[in-house]
Amino acid sequence: MDFETVIGLEVHLQLNTATKIFCACRNDFGLPANTCVCPVCLGLPGTLPVLNRMVLRSGMKVGLALNCTINTFVKFDRKNYYYPDLPKGYQISQFDFPIAKKGFLDFITGGQEKRIGITRAHMEEDAGKLIHDDAVNATLVDYNRTGTPLIEIVSEPELRSAQEAYDYLSALKLTLQYLNVSDCDMEKGSLRCDANVSIRPKGEEKLGTRTELKNMNSFSAVKRAIEHEAERQARLVFSGGSVVQQTLLWNEEKSVTVPMRSKEQAHDYRYFPEPDLVPFTLTEAAIAAVRGELPELPFVRLRRMVAQYGIMDYDAIILVSDRAFADFFEAAALTGVDVKSLVNWMNGPLMKELKERRCRVTDLKLKPLDLAALVRRVNDGTISNLAAKDILADIVDSGKDVDLVIREQGLAQVSDEDELGKIVDDILKEHPQVVEQIRSGKANAAGFLVGQAMKRMQGKANPKILNEFIQRRVMHV
Amino acid sequence: MDLFALTAHQIMELIASGATSPVEVAAAVRARISAVNDRTNAFIRTYQESPVGASPMPIPIGIKDNICVKGRLVTCASRILKDFCPPYDAAVIEKIRAVGGVILGSLNMDEFAFGSSSETSAYGIVRNPWDLERVPGGSSGGSAAAVAAGEAVWALGSDTGGSIRQPASFCGVVGLKPTYGRVSRYGLIAFGSSLDQIGPITKDVTDCARLLNIIAGFDRRDSTSVDLPVPDYALSLRRDVKGLRIGIPKEYFIAGIQPEVQAAVMAAVAFFRKEGAIIKDISLPHTEYAVATYYIAATAEASSNLARFDGVEFGLRAVPEKSRKAGIVDMYEETRARGFGDEAKRRIMLGTYVLSAGYYDAYYLRALKARTLIKNDLDKAFVDCDIILSPTAPTTAFRIGEKASDPLAMYLSDIFTIPANLAGVPALSLPCGFDSAGLPIGLQLMAAPFAEEKIFSTAFAYEQAHGWHTKRARLDL
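Quick caveat, the model's predicted, so the values are computed rather than measured.

*Asks:* Teacher, can you tell me more about the overall build of chain A here?
*Replies:* The number of helices and strands found in chain A is 15 helices and 16 strands. Here the C-alpha radius of gyration of chain A, 30 Å, is well above what a compact globule of 477 residues would show, namely 23 Å. Projecting the C-alpha coordinates of chain A onto the three principal axes gives extents of approximately 95 × 55 × 55 Å. A burial count over chain A gives 51% of its 477 residues as buried. The contacts in chain A between residues at least 6 apart in sequence include a share of 69% that link residues at least 24 apart. Of the roughly 22,700 Å² of accessible surface on chain A, 52% is carried by carbon and sulfur atoms.

Structure representation (structure tokens):
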């Protein structure tokens, strides 16, 4: 029997708003423990939440970008449970009226387009962090993270493989990065992902019993955890057992899933409407205003760029993988420089420089016009490819004018025949036997002479012109 | 004339004429507290604050022990908060301070405002100044008793289901529950967030209007506070009730009501008729569901609001001598078992139950629907009436211990006050006579949302024609 894996993902996104979701505390990471707190986010008795309107805006942005319907009725609920990192004993979340519902995300997986349904996206507050301190043998609580705004994005169970889940996550992350609503950094915890996994015989409509996977710290960990879990479930079923609905924690070191204690799973969250936040209604105009702020989203941009510039899917995917990188490309392309050369320089040498520096293109001094100028100088033969790479390495950091660098460093290729003539004549005199070989029909022997001449000119000769020149001199002198 | 026995407006006149000073007034009130508080137990603790120079309203005020005062102990009369000092002032405290109010101390109450008799306090029962063997009502029993006994010129209470009005009625003083949203709840330790309002407890209607003017107004820290201008309520203290439409709800004159209470209220009706008011018999058909609705809605919210008292961040922390379960669960259970009194536990359990999976629809959801019906009753009535008149409570003050072992009988003492909270409308209790035992009887006036002015003008007309408010409890004898 062939099994099919069915996966739905729940993604928690920490928003990058300036302040927290229900108070005026800075929404910041990495500060000393319990320094970024106030009576409201500490849940002190008598305090009340007030919704940060920028969180609402981000929620609407995410919803619209994921092609969702925005719930015009904005309402919050309390999710009740006890945990030491949750100061109020309840989390303010959205239950029956999520800010966004019924959307989809298009992306490319296995070379094909795929559309995955988005069930819902809702706003909620993050909890604090527990830190076990061995020195005092106690668990300490850091409340800095308490009240950090979150958006939870729930997909339909429409993903069919670990790789698809990986590609969906990558596409989702890219979309969210385009919206500039979050750092989307899984290592820092600003993006977290839980996976619901089940298997069923191929062709079966009914969903199998699912397990929930938690504690994955990277997209590849999500992929490995799903692969592992799908195999575990398949082995279980083949051996006559059945899958038990439970929550499993991914153990990265051992590459296994471990069940959570059953007590921690038996939750009745007793959701009810948050009485401290009055529900309100969004106007269509307010929704339209947020829609108007949306950037062109990556998948749409990919399709447009392929059509507009006549570039390959493969290249376009790399270009749109960072909004600033694609912006850079399009700004450079506006100068009318040859687009195919430009793409090669973007995705090749420039990308290499970025990787070496571990930075984004906007961190460089290099401007789109500079790269366009560089590509143009290569194409018009002024400089060699090799020299151009050196120039690029220089100007990414210095931001100097391309032509200035060419002049200062004397990198322009020598095409002047008088100057070349003198040097070539010297070389020919020094290597009469090679000249004879060429004359007797061994044309490749000229390469040696080109190399010698190039060496003497410290690489500044235009190799094409030099080669032609040598051929001519040998045959006609 | 004893300064402690005067109203705030009388004291302000004496200060203006130079006959006394804020310092003298504060001293007189403190002397009174020293003399009689061991009999009333109205104050849990007192502070020695001095009046600030020339301030607009340097009146000594008592604060219910569930309103946060920066740097002072605030305990909700509960063991679980015995060491809690809020690092911030409630919005109403800021406003009191802004006019130079002298905060006398914290007033006793039912634990977490759960009760109608002030017998559930961890700091001992409060006694009614009119008869020390009787309860002062609750939950703001300390506030009403203090004002009645001259231990405070005026006081703040909170009202979730009658907790200002019923004790005002039992103690022969004036108490107002403002429109929901009229007074900021920021800094009020929540019981039922959608029902709670802070309000004045005073010796007469004039003081009530003045104190409301001090504490009312929009506060952006409380999303449920309403951004409407606050009128000068003193201007509504006119005696003209000609043409005023007063509704008498038949459901409020039920079997079991104390005959003397009914007689006093009907005498008030006769008075208004004589003065030219239009008396209308009305029906509020869903009144019979009010108590049940209230005890579901209020306890549901309370069970969640009190979840933060878990021993982690503030308040009592207790661990059992012998470990029973995981450390944190042990701590939660022991802390809450020792920290909360019986009534608090009863309400937390009730509230948790009605929100639980499988019971939510049958209880909480139905209560929400019933609440809407009760609100509709009142909305409809206020189309044809300016004021709805009724007794505040079915009886005068009952004996200490009389209902302590019968929660249901206790809950029914709030039957006339609860609808105003469920509907969010303003309601005031003022003295309207005494029963044969010499105990005060209270008259309740309700009006449409934000129609406090109508209540004040009606109450003022009655008060000035009768003079019940000039009678003082004779504690000294």
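*Asks:* What is the right way to look at the overall build of chain B in this model?
*Replies:* When helices and strands are tallied, chain B shows 14 helices and 11 strands. The C-alpha radius of gyration of chain B comes to 21 Å, within 12% of the 23 Å expected for a compact globule of 477 residues. For chain B, the proportion of its 477 residues judged to be buried stands at 65%. Across chain B, the fraction of contacts at a sequence separation of at least 24, relative to all contacts at a separation of at least 6, is 75%. For chain B, the computed accessible surface area is about 16,400 Å², with 55% contributed by carbon and sulfur atoms. In chain B, 50 side chains carry a positive charge and 51 a negative one; their mean positions are 1 Å apart.

*Asks:* For this particular structure, what's the right way to read the sheet that holds strand β6 (residues 100–109) of chain A?
*Replies:* Across a sheet, strands are paired by hydrogen bonds formed along the backbone, either parallel or antiparallel in direction. Residue and element names in this part refer to chain A. With respect to topology, 9 strands assemble into an open sheet ordered β2-β6-β7-β10-β1-β11-β12-β13-β14, the strand pairing being mixed. Only two strands of the sheet have a single partner each, and these edge strands are β2 (69–70) and β14 (256–259). Inspection of the sheet shows strand β7 (residues 112–125) paired to strand β10 (residues 149–155) by 7 bridges, in the antiparallel sense. When the bridges of β10 are listed, Arg120 appears paired with Val154.

*Asks:* Even after reading the chapter, I still don't get the pattern of salt bridges, so can you show me in this structure?
*Replies:* Pairing is possible between side chains that carry opposite charge, provided their charged atoms lie close to one another. Residues and elements named next belong to chain A. Under the criterion given, the structure shown has 51 salt bridges over all chains. Among the salt bridges present, the one from Arg200 reaches Glu4, with a minimum N-O distance of 2.9 Å. Taken together, the residues span a long stretch of sequence, with Arg200 in strand β11 (residues 191–201) and Glu4 in strand β1 (residues 3–14) at a distance of 196 residues. A relative accessible area of 17% means that Glu4 is categorised as buried.

*Asks:* Just checking my understanding: could you explain the state of the cysteines for this structure?
*Replies:* Disulfide: a covalent bond connecting the sulfur atoms of a pair of cysteines. All names here are of chain B. Across all of its chains, the model carries 0 disulfides over all chains by this definition. Looking at the unpaired Cys432, the closest cysteine sulfur is the one in Cys171, lying at 15 Å. Exposure remark for Cys432: the relative accessible area of 3% places this residue in the buried category.

*Asks:* Explain the packing of aromatic side chains to me, please; I cannot follow it from the model alone.
*Replies:* Two aromatic rings are characterised by how far apart their centres lie and by the angle between their planes. By the definition in use, this model includes 32 aromatic pairs over all chains. Centre to centre, the rings of Tyr166 of chain A and Phe219 of chain A are 6.2 Å apart; their planes meet at 85°, and the pair counts as edge-to-face. Of this pair, Tyr166 of chain A sits in helix α2 (residues 162–179) while Phe219 of chain A is found in helix α3 (residues 219–238), placing the two residues 53 residues apart along the sequence. The class for Phe219 of chain A is buried, based on a relative accessible area of 13%. Residues Tyr359 of chain B and Tyr363 of chain B carry aromatic rings whose centres are separated by 6.5 Å and whose planes lie at 35° to one another, so their mutual orientation is tilted. By relative accessible area, which is 32% here, Tyr363 of chain B ends up partly exposed. Members of the aromatic cluster, each reached through a chain of ring pairs, are Phe84, Phe112, Phe114, Phe191, Phe309, Phe314 and Phe340 of chain B. Above the plane of the ring of Tyr90 of chain A lies Arg78 of chain A, whose end atom (NZ or CZ) is 4.0 Å from the centre. Geometry around Tyr47 of chain B places Arg72 of chain B over its ring, the cationic atom sitting 3.9 Å from the centre.

*Asks:* Can you help me understand the domain arrangement of chain A in this one?
*Replies:* By a widespread convention, an interface's size corresponds to the accessible area lost as its parts come together. For chain A, the assigned domains read domain 1 (3–289), domain 2 (312–408) and domain 3 (417–476). On a C-alpha basis, the centres of domain 1 of chain A and domain 3 of chain A stand 68 Å from each other.

*Asks:* Looking at this structure, I do not really get the interface of chain B and chain A. What am I missing?
*Replies:* Taken together, the 38 residues of chain B in the interface contact 30 residues of chain A. On the surface where chain B and chain A come into contact, there are 1 salt bridge. Arg185 of chain B is the partner of Asp276 of chain A in a salt bridge, and the nearest nitrogen-oxygen pair spans 3.0 Å. Listing elements by their share of the side of chain B that touches chain A, those giving two or more residues are α8 (290–305), α9 (327–339) and α10 (342–355) of chain B. Here the residues of the side of chain B that touches chain A are counted per class, giving 19 nonpolar, 10 polar and 9 charged.

*Asks:* Any chance you could explain the pairing of strand β4 (residues 77–80) of chain A here in plain terms?
*Replies:* Consecutive residues of a regular strand have side chains that alternate between opposite faces of the sheet. All names here are of chain A. Side chains Asp77 and Lys79 project from β4 onto one buried face, and the interleaved Arg78 and Asn80 project onto a second face that is buried too. Bridging between β4 and strand β5 (residues 90–93) involves 4 bridges; their strand directions are antiparallel. From the neighbouring strand, Arg78 faces β5, where its bridge partner is Ile92. As paired strands, β4 and strand β15 (residues 272–273) are joined by 2 bridges and run antiparallel to one another. Within β15, the residue paired with Asp77 across the bridge is Pro273.

*Asks:* Help me understand a nonpolar patch on the surface in this model?
*Replies:* On the surface, Ile131, Val136 and Leu140 of chain A cluster together into a nonpolar patch covering about 240 Å² of accessible area. Residue position: Ile131 of chain A is located in strand β8 (residues 129–133).

*Asks:* Would you mind showing me how to read the nonpolar core here?
*Replies:* Buried together is how nonpolar side chains tend to be arranged in soluble globular proteins. Core analysis: the largest hydrophobic core is formed by 160 residues, its most contacted members being Phe112, Leu156, Ile215 and Phe456 of chain B. When sequence neighbours within four positions are dropped, the list of residues in contact with Phe456 of chain B reads Leu176, Val205, Cys208, Ala209, Leu212, Tyr233, Ser236, Leu237 and Leu428 of chain B. Formed by 107 residues, the second largest nonpolar core is a distinct cluster that contains Phe22, Ile70, Ala195 and Val222 of chain A.

*Asks:* Could you clarify how one ought to interpret the environment of Leu6 of chain B in this entry?
*Replies:* Residue and element names in this part refer to chain B. Relative to the assigned elements, Leu6 resides in the segment before α1 (8–17). Its relative accessible area of 4% is what places Leu6 among the buried residues. Sequence separation of Leu6 and Tyr359 is 353 residues, and the distance between their C-alpha atoms is 52 Å.

*Asks:* For this particular structure, what's the right way to read the sheet that holds β5 of chain A?
*Replies:* Pairing within the open sheet is antiparallel, and its 3 strands lie in the order β5-β4-β15 (chain A). With one partner strand each, in any of the chains shown, β5 and β15 of chain A form the two edges of the open sheet. Strands β4, β5 and β15 of chain A of the sheet are contacted by α8 of chain B, whose axis makes an angle of about 60° with β4 of chain A.

*Asks:* Honestly, unusual backbone geometry in this entry has me stumped. Any pointers?
*Replies:* A negative phi holds for most residues other than glycine; trans holds for most peptide bonds. With omega at 10°, the peptide bond leading from Gly138 of chain B into Ser139 of chain B counts as cis. With a phi angle near 75°, Asn215 of chain A is a residue other than glycine that sits in the positive phi range. The residue Asn215 of chain A is located in strand β12 (residues 211–216) in this model. Judged by its relative accessible area of 43%, Asn215 of chain A falls in the partly exposed class.

*Asks:* What is the right way to look at the packing of helix α1 (residues 53–65) of chain A against helix α4 (residues 284–293) of chain A in this model?
*Replies:* Two numbers describe a pair of packed helices, the interaxial angle and the distance between the axes. Residues and elements named next belong to chain A. At a closest axis distance of 9 Å, the pairing of α1 and α4 adopts a crossing angle of 70°. Of the possible angle classes, the one that applies to α1 and α4 is roughly perpendicular. Both α1 and α4 take part in a crossing whose hand is right-handed. When α1 is examined against α4, the residues Arg57, Met60, Lys61 and Leu64 are found in contact with a partner set consisting of Ala286, Ile287, Val290, Arg291 and Glu293. Among the residues forming the contact of α1 with α4, the class breakdown is 5 nonpolar, no polar and 4 charged.

*Asks:* Honestly, the side chain of Ser163 of chain B in this entry has me stumped. Any pointers?
*Replies:* Residues and elements named next belong to chain B. With respect to the helices and strands, Ser163 occurs in the loop between β4 (154–159) and α5 (165–171). Taking relative accessible area as the criterion, Ser163 reaches 5% and is therefore assigned buried. When sequence neighbours within four positions are dropped, the list of residues in contact with Ser163 reads Lys64, Ala113, Gly115, Gly138, Ser139, Ser140 and Ser158.

*Asks:* Can you walk me through α8 of chain B in this structure?
*Replies:* Residues lying three or four places apart along an α-helix face the same way, a consequence of the helix completing one turn every 3.6 residues. Given a rise of 1.5 Å per residue, 16 residues ought to cover 22 Å, and the 22 Å separating the end C-alpha atoms of α8 of chain B matches this to within 8%. Counting buried positions along α8 of chain B gives 15 out of 16 residues, so the element sits mostly inside the fold.

*Asks:* What is the right way to look at the packing of helix α9 (residues 368–379) of chain A against helix α10 (residues 385–398) of chain A in this model?
*Replies:* All names here are of chain A. The contact between α9 and α10 brings their axes to 10 Å, and the two run at 165°. As the angle between them shows, α9 and α10 are arranged roughly antiparallel. Our pair here, α9 against α10, has a crossing hand that is right-handed. The residues of α10 that touch α9, namely those facing Asp370, Leu371, Leu374 and Val378, are Asn385, Ala388, Ile391, Leu392 and Ile395. Residue classes in the contact of α9 with α10 are distributed as 7 nonpolar, 1 polar and 1 charged.

Cut-off values and rules
Residues numbered from 1 in each chain as written. Chains lettered and ligands numbered in written order. Predicted model: local features only at pLDDT ≥ 70, side-chain atom pairs only at ≥ 80, totals over all residues. Heavy atoms only, no water. Helix = DSSP H or I, 4+ residues; strand = E, 2+ residues; numbered from the N terminus. Rg over C-alpha atoms; globule rule 2.2 N^0.38 Å. Buried < 20%, exposed > 50% of the residue type's maximum accessible area, 1.4 Å probe, protein only. Contact = heavy atoms within 4.5 Å. Areas by Shrake-Rupley, 256 points an atom, 1.4 Å probe, with all protein chains shown as cover. Lys, Arg positive; Asp, Glu negative; His and termini not counted. Charge placed at Lys NZ, Arg CZ, Asp CG, Glu CD. Pairing = 2+ DSSP bridges. Salt bridge = Lys/Arg side-chain N within 4 Å of Asp/Glu carboxyl O. Disulfide = S-S within 2.5 Å. Phe/Tyr/Trp six-rings, centres within 6.5 Å; stacked < 30°, edge-to-face > 60°. Lys NZ or Arg CZ within 6 Å of the ring centre and 35° of its normal. Domains from an automatic or database assignment. Nonpolar A, V, L, I, M, F, W, Y, C, P; charged D, E, K, R; others polar. Patch = residues over 30% accessible without salt bridge, like charges linked within 9 Å, V, L, I, M, F, W, Y side chains within 5 Å. Core = buried A, V, L, I, M, F, W, Y, C linked by side-chain atoms within 4.5 Å. Axes fitted to C-alpha atoms, helices over the stretch in contact; angles between N-to-C directions. Parallel < 35°, antiparallel > 145°, perpendicular 65-115°, else oblique. Left-handed = near helix turned anticlockwise from the far one by under 90°. Expected span 1.5 Å × (residues − 1).

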